[in-house]
Every structure is written in C-alpha cells, then in structure tokens.
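Chain by chain, the residues:
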Amino acid sequence: MNNSAILSVRNLTLEYQTRSGFLKQFTHKAIDNVSFEVQKGEVFGVLGRNGSGKSSLLKVLAGTIQPDSGEVICPPNTTRSLLALGLGFNNNLSGRDNALISCLLNGYSKQESQPIIEQVKAFAELGKFFEQPVKTYSAGMRSRLGFATAIFTQVDIMLIDETLSVGDNAFKLKAEAALQEKINNCDQTIIFVSHSIHQIKKLCQRCLWLEKGKAKQLGTTNSVMKHYLDNKQEAVQI
Amino acid sequence: MHFFQYFSLIHVMARMKLKSKANTLLLSYVWWVLEPLLFVLMFYFVFKFLLHRGREDFLIFLIIGKIPFLWFSKSVTSAANSLIENRGLINQRPIPKFVFPLVNVHEAAYQQLVTFAVLISFVIFNGYHDFGLWWQLIPLIFLQYLLICGLSSVFTLFVTYAPDFRMIVSMFMMGMMFCSGIFWSIGDIADPQLQKMILLFNPLAVIIDGYRQVLMHGQLLNWMTFAPALFISLGLILTGFGGLKKFDSLLTRRVFM
C-alpha cells in the first residue's frame, strides 16, 4: 500500500445556520474541531449515531460544502464523489440517461461513457428497467444503480454514505465483493459511513468515531469498535 | 474537469431535461407548439374581441411579441430556481454553479428553436416574405440569448441566497410583460422622451421591436439602437456569473438550509 496521505483534515469545524423565523437563525455545530488523515488505497470508516455529524463530514470531504474553519487537503486534481441514497438522480430519466450524466459529471466524454454504461447495466441487474424512468424503480433498484454508477466511474476517493445497507442480501454481498476487488486491485481510497458495524468491521482498516460532532476516537477498526460497542451497550442499559 | 467539457455537459443535461419533461406529459413534444399558440390566442381574444383594440395585422404583431417574451420569461424563471432544483447533484460533488442556470437556459433555447420555426412559418403563411433581410434575426436571437443568460445568472444568485426573491422574479416578469411592447408598439408612445428611455433601458423592448421590424416591415436595422441592450446584457452576465463563482460556497450552504 502506498503510504502517502491522499486526504488530510485539520481542525475541521462546520456550523449550520438555519432560518427559524422572521430574521431569526438557529446555529448548530455539526463538526467540531476534527482532524485525521486518510492514506491512499485505504478504506476508512466513520462511525457514530444519528446526528453525530457523519453525513456533514462526508459533504465537506466531497468538497461540496466549505468548512467554517480548518482545512481539507488533497493532492491537486484528486477526484472525489459522494455516493448516497437517492442523490443525483433525475426521476423522469431512465437509468441509462442518469448513468450517462454521472459519467459526464466525472469528466468522461460521451464516447468514453458508453462502455462504462454497459458495465453499469450488467452490474446493477436492472434488466429492462434500465431503459425506464428511475421513478419506476424500487428503493433497492435505485441503490443498485447508484452503487454501480459509482463503482465503474473512476474516482480517486469514493465517499459512501449508508448505501450498502439497502438492497437484498445477494446484492449486498456482490457490492462488498466489488468494493473489495477495487480495494485490492486499484488502490481505491474509500471513506465509508455505515450503521452496519458488521460491514465496517469487514471492510475498513481504520475508523473514526464521531460523537456530537467531535472525534471521540481514531484508530484501527478493532480498537475503535471495541470502545464503540461498550459505549453502545452502556447507552442501551441506561 | 476541463472548462469546455462543461459545455458538452450543459448540452446533454439540457437535452435530457427536455426529454424527461416531454415524457411526463401525455401530449409530449406537441406542447412545444401548443403552449405558445394557446397564449397568443388568449391574448388575441382579450385584445381583439373584448377590448376591440388592435389593428388589421394584430394577430401577427402579437405573436411576434409574445413568443420571444415567453422564451425570455420561461428561461429566466426556471434558471432562477436551478440551484435549488439540483440540490441532489450539488450535494454529490463540487460542480461550478454556472452550469445549472445554463442547463435551464439551454433547455428553453432548444425548445425555442422549434417554436421560432413555427412562428416563421406562420409569418410566411400570412404573406410576409422579405427574406433578404431575415438574416438579421440571427444577431437578434443571439442578443436575446445573452440577455437571458445575464438575467438568469443574476436571479439564480438572488433566489438561491433568499427564496423570497422568487416573488420579485414573478413580479418582474409581469412588469416586463407590460413594459416591453408585447401588445403595443414602442412607436405608439406619444412622449418621445419616454420612448427614448424605454429604448435605452429595456433591452427586451428593443429586441422585440427589432423582430417586428425585420419580420413585418422588412427593414434594415440600425444596430446602434441595440448597443445599450448589448451592454446591459454583458453587464448582467459579468455580475451574475462572477457572483456565482465568488459566492460558490455560500450558495452551496444556502441550497441545503
């Protein structure tokens, strides 16, 4: 594995300001002074309960939202893409057209996209539905399309938000296998947020545990997981 | 992603949007022609039959005003909401903000090509055919496209910052409909000072007047009268697209709040 950092996060803080009434605003600190590094080719997990700041962190890492303070440093021309359920699809367009738009957004030309789209079609197992509007898809079919589009378009850092938790068991295993293959062969860097402790254990080498926006622990999956599970049990007992 | 690649992206996304909209309607692409015709007929009914206003060639006069206005208002209104509409994509990866209003502008422009073809056939059918000077339509259409791009980018900026501006956009469109000489001609204004002001400060009125001069009267246009419209359009483009670039991260946050 190449030991250079592809992503380093320093003292990251993100605040949300939401309008709550006439000229009133509600401020909420979603990420509070978080720092870590991700190596090239690493699979890095982010753990935490609902509202702990996981999804906000992924948005900042994807480069879509700028933090209030701190920085996210990547080597120049690093491509990043966030894969989350229900994002980025036009419901009135077919799976094929949506896959084409995704390819174009990742910088491929129309010609270069055609073979990728065929791979997506085969992997997503959508059959005739691939030519139908996405609004006719079930939740599982959408997630299959989203996952397939992301895995076949080459991005340097793939950010995955909960996606693998939807879909039937057979597809889940297939998706995990495809990810594993990418990790082994292509030096793919993946940052992975999931509720499934099992998936994080299986795929990630290191983890960050977020609690109310703060980094509670950073380390190897086994050590972080041990404390996380203890803490979770305590919470259940209370 | 290379700067010019974005233009191919804009083109594909605009075409896809047209397709997706047509797919949701029973009459699909027929609406491209039907919608402007219904608008014109409605106006014709009100002005000709209810108010007994207008001259012999009022229908053709009205069509030449209303169809370019519909292009203008539809593009700007849809572009203004483009960032909010595309929050899913904006959430996913960093894409420069200028892409989204331009997708909506191009979507309307492609549709307009068909509508313009219908308009021109209608004009020919009514016995106007000074074809020799019709090439002047090309720079006129291009000028209107620049105006649409400029205003769309400025309104995208405002509406994304505060959705309250949507009300202003619809009011502005209503104002433009009354002030741009759609059912009257700039030549009808008695006060020469006022006429001059409209020609100077309302680019859309000048452009619509230009379409009529070419299609109905077969005149050679005095291009100097279009200079203010060009400057206003370029100014709006610089402000709007400059603002979209400068406030990129602020706008992303606004889209999610």
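Scope of this entry: the structure provided in the associated data block. Here the structure is a predicted model, which is why all the values come from computation and not from measurement. (Residues numbered from 1 in each chain as written. Chains lettered and ligands numbered in written order. Predicted model: local features only at pLDDT ≥ 70, side-chain atom pairs only at ≥ 80, totals over all residues. Heavy atoms only, no water.)

Examining the overall build of chain B
At step 1: Tallying secondary structure elements over chain B gives 12 helices and zero strands in all.
At step 2: Listing each helix as α and each strand as β along chain B from the N terminus yields α-α-α-α-α-α-α-α-α-α-α-α.
At step 3: Its C-alpha atoms give chain B a radius of gyration of 19 Å, within 12% of the compact-globule value 18 Å for 257 residues.
At step 4: Seen along its three principal axes, the alpha-carbon backbone of chain B occupies a region of about 55 × 45 × 35 Å.
At step 5: Burial statistics for chain B: of 257 residues in total, 51% are counted as buried. (Helix = DSSP H or I, 4+ residues; strand = E, 2+ residues; numbered from the N terminus. Rg over C-alpha atoms; globule rule 2.2 N^0.38 Å. Buried < 20%, exposed > 50% of the residue type's maximum accessible area, 1.4 Å probe, protein only.)

A word on the pairing of strand β9 (residues 214-220) of chain A
Residues and elements named next belong to chain A.
At step 1: Two elements, strand β8 (residues 206-211) and β9, share six bridges in a ladder whose sense is antiparallel. From the neighbouring strand, R206 faces β9, where its bridge partner is T220.
At step 2: In this antiparallel pair of consecutive strands, β8 and β9, the connection spans two residues, and K212 shows a positive phi of 45°. (Pairing = 2+ DSSP bridges.)

Structural notes on the sheet that holds strand β2 (residues 24-39) of chain A
Residues and elements named next belong to chain A.
At step 1: Taken together, three strands build an open sheet; the order of strands is β2-β1-β4 and the sheet is antiparallel. Every interior strand has two partners, whereas the edge strands, β2 and β4 (69-73), have only one. If you compare each strand with its neighbour and ignore which way they point, the axes differ by 25° on average.
At step 2: Note: strand β1 (residues 5-21) against β4, four bridges, orientation antiparallel. Note that in β4 the partner of T13 across the bridge is S69.
At step 3: Those strands touched by helix α1 (residues 54-62) are β1, β2 and β4, and its axis lies near 120° from that of β1. (Axes fitted to C-alpha atoms, helices over the stretch in contact; angles between N-to-C directions. Contact = heavy atoms within 4.5 Å.)

As for the packing of helix α7 (residues 137-161) of chain B against helix α12 (residues 248-256) of chain B
Residues and elements named next belong to chain B.
At step 1: Two elements in contact, α7 and α12, have axes whose closest approach is 8 Å; the angle formed by their N-to-C orientations is 50°. Comparing the axis directions of α7 and α12 gives the class oblique. Contacts between α7 and α12 pair L157, T160 and Y161 from the former with L250, L251, R254 and V255 from the latter. (Parallel < 35°, antiparallel > 145°, perpendicular 65-115°, else oblique.)

Focus: the interface of chain B and chain A
At step 1: Residue-level contacts link 28 residues of chain B with 33 residues of chain A.
At step 2: In this assembly, chain B packs against chain A so that about 2700 Å² is buried in total across both faces, 57% of it on carbon and sulfur atoms.
At step 3: For the pair chain B and chain A, the interface holds two salt bridges.
At step 4: The closest approach of N and O atoms between R253 of chain B and D68 of chain A, which form a salt bridge, is 3.0 Å.
At step 5: Listing elements by their share of the side of chain B that touches chain A, those giving two or more residues are α1 (5-24), α5 (87-92) and α12 of chain B.
At step 6: Looking at side-chain class alone, the side of chain B that touches chain A contains 14 nonpolar, nine polar and five charged residues. (Buried area = accessible area lost by both parts, 1.4 Å probe. Salt bridge = Lys/Arg side-chain N within 4 Å of Asp/Glu carboxyl O. Nonpolar A, V, L, I, M, F, W, Y, C, P; charged D, E, K, R; others polar.)

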